[in-house]
Amino acid sequence: MAPIPQQHIVRTLAEYIETVRMPTLKLGLAGAPVTPWYLGQGDANGTLMPGLYRSKVNVDLEREMLREFRMQVAEFIKPKGTDVRDWLLLGHQNGLPSRILEWQANSLAALFLAVEGADAAKHGRVWIFNPWAYNDLAANLAYVPMIDEDYIDNYVVKLSPDPTAASTPKAELPMAFRPYRTSRVYNTQNIFFTVHGKLREPLDAIRFTAKKAMPFLTYVLIDGTRKTAILRELYNAGITRATLFPGAGAIAKTVAYRYSKDFVDAES
């Protein structure tokens, strides 16, 4: 991993757009028909650790948590005919702590998530990730598989009643996957996944041998004191919570923001 210098801090939307277009931040994908993936965090001290490994849930109880989730949501999601692979995703989509990190191919969506909290005391960060390079390094896999391909079996905790079934996934390292676009949010943000295995390390802490090493991850920092101004610039460019998370609740939050002091008083 070769991060850009930490003194390079983005202060405007225009500067951010120009920065993420830099060939060095394309991580080998400049000129390719695909783009890197992006993940925005409001606190630059954050790491790429999935929710389950940051939560207060004992990771050895993941299987039991998913079993109980499957039992209790039967009123809304019929368990019969739902593949065991799907429960990992369904739990994640409905708020269970999971081993999934969501990435956007839309760099402006990631920027929005990095500045929405508008905490001026903390710089934001947008991670930039080349999943093809990463999968090649981690698994000698030259592409990014769909979430229902056989590779996912190594990341699924079996929900079988067999008491000898493993309570943790078989895979060690995370892998990048492409999910089916089963919700508007996944399409509007152009969502992709990395799924962690049993290794409880942030993605940004993973290293490979010097012989194989190639850049797969870097980041851009966002000036904390400029978050409010950048959020207003994003609003004027049509990047809002309402457009990224379609629904009445997101529209309400966007309208409330439009009439708030953060919007009215923000520097143009």
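Residues numbered from 1 in each chain as written. Predicted model: local features only at pLDDT ≥ 70, side-chain atom pairs only at ≥ 80, totals over all residues. Heavy atoms only, no water.

A.B. asks: Before we go on, may I ask you to explain the packing of helix α3 (residues 62–72) against helix α4 (residues 84–93) in this structure?
C.D. replies: The angle between the axes and the distance between the axes are what describe a pair of packed helices. Viewed as axis vectors pointing N to C, α3 and α4 meet at an angle of 80 degrees, and their least axial separation amounts to 10 Å. If you check the angle between α3 and α4, you find them roughly perpendicular. In this structure, α3 contributes Glu62, Leu66, Phe69 and Arg70 to the contact, and α4 contributes Trp87, Leu88, Leu90 and Gly91. Grouping the constituent residues of the contact of α3 with α4 by class yields five nonpolar, one polar and two charged. (Axes fitted to C-alpha atoms, helices over the stretch in contact; angles between N-to-C directions. Helix = DSSP H or I, 4+ residues; strand = E, 2+ residues; numbered from the N terminus. Parallel < 35°, antiparallel > 145°, perpendicular 65-115°, else oblique. Contact = heavy atoms within 4.5 Å. Nonpolar A, V, L, I, M, F, W, Y, C, P; charged D, E, K, R; others polar.)

A.B. asks: Any chance you could explain the packing of helix α8 (residues 227–236) against helix α10 (residues 248–258) here in plain terms?
C.D. replies: Direction vectors running N to C along α8 and α10 enclose 115 degrees, while the axes themselves pass 12 Å from each other. The two elements α8 and α10 meet at a crossing, and its hand is left-handed. Taking contact as the criterion, the partners of Thr228, Leu231, Arg232 and Tyr235 in α8 are, on α10, Thr254, Tyr257 and Arg258. (Left-handed = near helix turned anticlockwise from the far one by under 90°.)

A.B. asks: I would appreciate a short explanation of unusual backbone geometry in the present structure.
C.D. replies: Glycine aside, the phi torsion of most residues is negative, and most peptide linkages are trans. The phi torsion at asparagine 140 lies on the positive side, around 50 degrees, for a residue other than glycine. Topologically, asparagine 140 is positioned in the loop between α6 (131–139) and β5 (175–177). For asparagine 140, a relative accessible area of 62% gives the class exposed. The phi torsion at asparagine 190 lies on the positive side, around 60 degrees, for a residue other than glycine. Counting through the fold element by element, asparagine 190 comes out in the loop between α7 (184–189) and β6 (191–195). (Buried < 20%, exposed > 50% of the residue type's maximum accessible area, 1.4 Å probe, protein only.)

A.B. asks: In this structure, what is going on with the pairing of strand β3 (residues 100–104)? I would like to understand it.
C.D. replies: Looking along a regular strand, one sees the side chains alternate between the two faces of the sheet. Within β3, four of the five residues are buried, which leaves it mostly tucked inside the rest of the structure. As judged from the five bridges shared by β3 and β6, these two strands associate in the antiparallel manner. When the sheet's bridge partners are listed, isoleucine 100 is paired in β6 with valine 195. (Pairing = 2+ DSSP bridges.)

A.B. asks: Sorry if this is basic, but what is going on with the pattern of salt bridges here?
C.D. replies: A side chain of one charge can pair with a side chain of the opposite charge if their charged atoms are brought near each other. On inspection of all chains with the given rule, the structure shows nine salt bridges. Across the pair arginine 11 and aspartate 223 runs a salt bridge whose closest N-O atoms are separated by 3.1 Å. Of this pair, arginine 11 sits in the loop between β1 (9–10) and α1 (13–20) while aspartate 223 sits in the loop between β7 (217–222) and α8, and the two are 212 residues apart along the sequence. Taking the relative accessible area as the measure of exposure, arginine 11 reaches 40% and is therefore partly exposed. Judged by relative accessible area, which is 11%, aspartate 223 ranks as buried. (Salt bridge = Lys/Arg side-chain N within 4 Å of Asp/Glu carboxyl O.)

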